[in-house]
Structure formats: C-alpha cells, structure tokens
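Working through the structure, step by step
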Amino acid sequence: DAGITQSPRHKVTETGTPVTLRCHQTENHRYMYWYRQDPGHGLRLIHYSYGVKDTDKGEVSDGYSVSRSKTEDFLLTLESATSSQTSVYFCAISAHYEQYFGPGTRLTVT
Amino acid sequence: LAKTTQPISMDSYEGQEVNITCSHNNIATNDYITWYQQFPSQGPRFIIQGYKTKVTNEVASLFIPADRKSSTLSLPRVSLSDTAVYYCLVGTPSGSARQLTFGSGTQLTVLP
C-alpha cells in the first residue's frame, strides 16, 4: 500500500470551531487531493495540490482551505466548521494517473 | 466535466463473471478512464486504468470502445470478497484535477 496516513482518524467538534486535518505521504508524489464522501454522493473533490505551495479548488471548495508547505504534507482546514461539513474525508496522492487513497478521517460537527 | 453514469447496484453469484458499465458521453481527448474499488470504512483502491481498446491486469479487464463514450469493467469469477462499491473515474489526475469526477458508484453484491 502507498505510504499515506491521515490524522486524526476520528474527530468530533462543535459548530463554529476551526478544524485542521492532516495528510502525510512518504512516496514523494507530486499530486495530493482532498475528497469528501457522503452517503449517496460518492467522492467529491474539495481541493488539490500539484506541488509545494501550488493548490487549486475542486468541486466543493466553499468553506475549506488548504496548504502545502512541504511535499509530504497537505493540510485541510475548516475555518469555522458547520454541520454540513460532517463527512468522511479522504486524502489521495498520485504521481501520474492513478490515485492512492488514505484511510479517511471521520469528522462529526455537532 | 465528463460526468459518469453507472448502475446503482448489481448482484452476482460466486464464480460468475461480472461486467459493470460506465457511461461518459463528454469524455475529453486527454481523459483516461480509471476504476476503483471501495470497501466499507476504507479508502478507494485502484483497480485498472485505460485510454482505449482493452486493458487487462491480474484482477480485471477494462473494455473501451472506439468512441470512448463508455467503458466496461470485467471481473472474472467473482468471490464474496469482491462485494464492494466500484467507481468509474474519468479525467487526467496529473492535469487539471478539478476535472476529476467520481460517479456515485455501483454497489456489487456477490452472493454464495
């Protein structure tokens, strides 16, 4: 399996609080992605990165920001969490075309 | 965006061949077609990828017609452990990732 970890694996937070999820890779892949997965919606791309400090928005980027200061780390921040952001968040990495996914972070916003 | 359409669910029996078709009418010239498998509480796992014609690996085959507006994932002799959700993805992950579109997936249930 690709060397990709996510932290935390589970988190419960209150509405209005900031939350940061971390994705860490040991593969030195150029591309990193954040997805969310909700029942009935499959996976939806939030943000992605194509290099250090190079990021772009995905399909559902509102309410989320990202940062990538090192090749191995890609952070997803919810500046002020809302209940609609309760979801499972997956990080993925890729070198070329196929993506490798992390184990996911289950976030609950109460 | 190359929107994909897949059947919501399929049932099969152990030992049978399963074919899951994905429709992607707006596929772009540079787009690849990739299939992923996902088990509950896990991240998706890469199965196979192709651009045109037929691709085969140790677990599956991918058939892509000349017009590339659809693709078919073929799983030979499925077992109970193949019960999972299968996603078709069209795009160029190393290009503009905002074009990546996962469909809702196909829930495959393999029965004994």
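Everything quoted here is computed from the prediction, not taken from an experiment.

**Here's the deal with the overall build of chain B**
- The helix and strand inventory of chain B stands at zero helices and 10 strands.
- Along its sequence from the N terminus, chain B presents helices and strands in the succession β-β-β-β-β-β-β-β-β-β.
- Relative to the 2.2 N^0.38 estimate, which gives 13 Å for 112 residues, the radius of gyration of chain B is 13 Å and therefore close to what a compact globule would have.
- Principal-axis analysis of the C-alpha atoms places the extent of chain B at approximately 40 × 30 × 25 Å.
- When contacts within chain B are restricted to residue pairs at least 6 apart in sequence, long-range pairs at least 24 apart make up 56% of them.
- Total accessible area on chain B stands at roughly 5,500 Å², and carbon and sulfur atoms take up 50% of it.

**Looking at the pattern of salt bridges**
Residues and elements named next belong to chain A.
- All chains considered together, the criterion is met by four salt bridges over all chains.
- With its nearest N and O atoms 2.9 Å apart, the salt bridge here joins D38 to R36. The pair D38 / R36 is uniform in exposure class, with both members buried.
- For the salt bridge of R44 with D38, the shortest nitrogen-to-oxygen distance reads 2.8 Å. Of the two residues, R44 and D38, both sit in the buried class.
- One salt-bridge network, in which partners are shared between bridges, spans R22, K70 and D73.

**Quick word on the packing of aromatic side chains**
- As enumerated under the stated definition, the model contains eight aromatic pairs over all chains in all.
- Between Y35 of chain A and F101 of chain A, the ring centres sit 5.5 Å apart and the planes meet at 45 degrees, which makes this aromatic pair tilted. Here the residue Y35 of chain A occupies a position in strand β4 (residues 31-38), and F101 of chain A occupies one in strand β10 (residues 99-101), the gap between them amounting to 66 residues. We note that Y35 of chain A, like F101 of chain A, is buried.
- Cluster of aromatic residues (ring-pair linked, three or more members): Y33, Y35, Y48, Y50 and F101 of chain A together with Y36 and F46 of chain B.
- In this structure, R68 of chain B packs its charged tip against the face of Y51 of chain B, placed 4.0 Å from the ring centre.

What counts, and at which threshold
- Residues numbered from 1 in each chain as written.
- Chains lettered and ligands numbered in written order.
- Predicted model: local features only at pLDDT ≥ 70, side-chain atom pairs only at ≥ 80, totals over all residues.
- Heavy atoms only, no water.
- Helix = DSSP H or I, 4+ residues; strand = E, 2+ residues; numbered from the N terminus.
- Rg over C-alpha atoms; globule rule 2.2 N^0.38 Å.
- Contact = heavy atoms within 4.5 Å.
- Areas by Shrake-Rupley, 256 points an atom, 1.4 Å probe, with all protein chains shown as cover.
- Salt bridge = Lys/Arg side-chain N within 4 Å of Asp/Glu carboxyl O.
- Buried < 20%, exposed > 50% of the residue type's maximum accessible area, 1.4 Å probe, protein only.
- Phe/Tyr/Trp six-rings, centres within 6.5 Å; stacked < 30°, edge-to-face > 60°.
- Lys NZ or Arg CZ within 6 Å of the ring centre and 35° of its normal.

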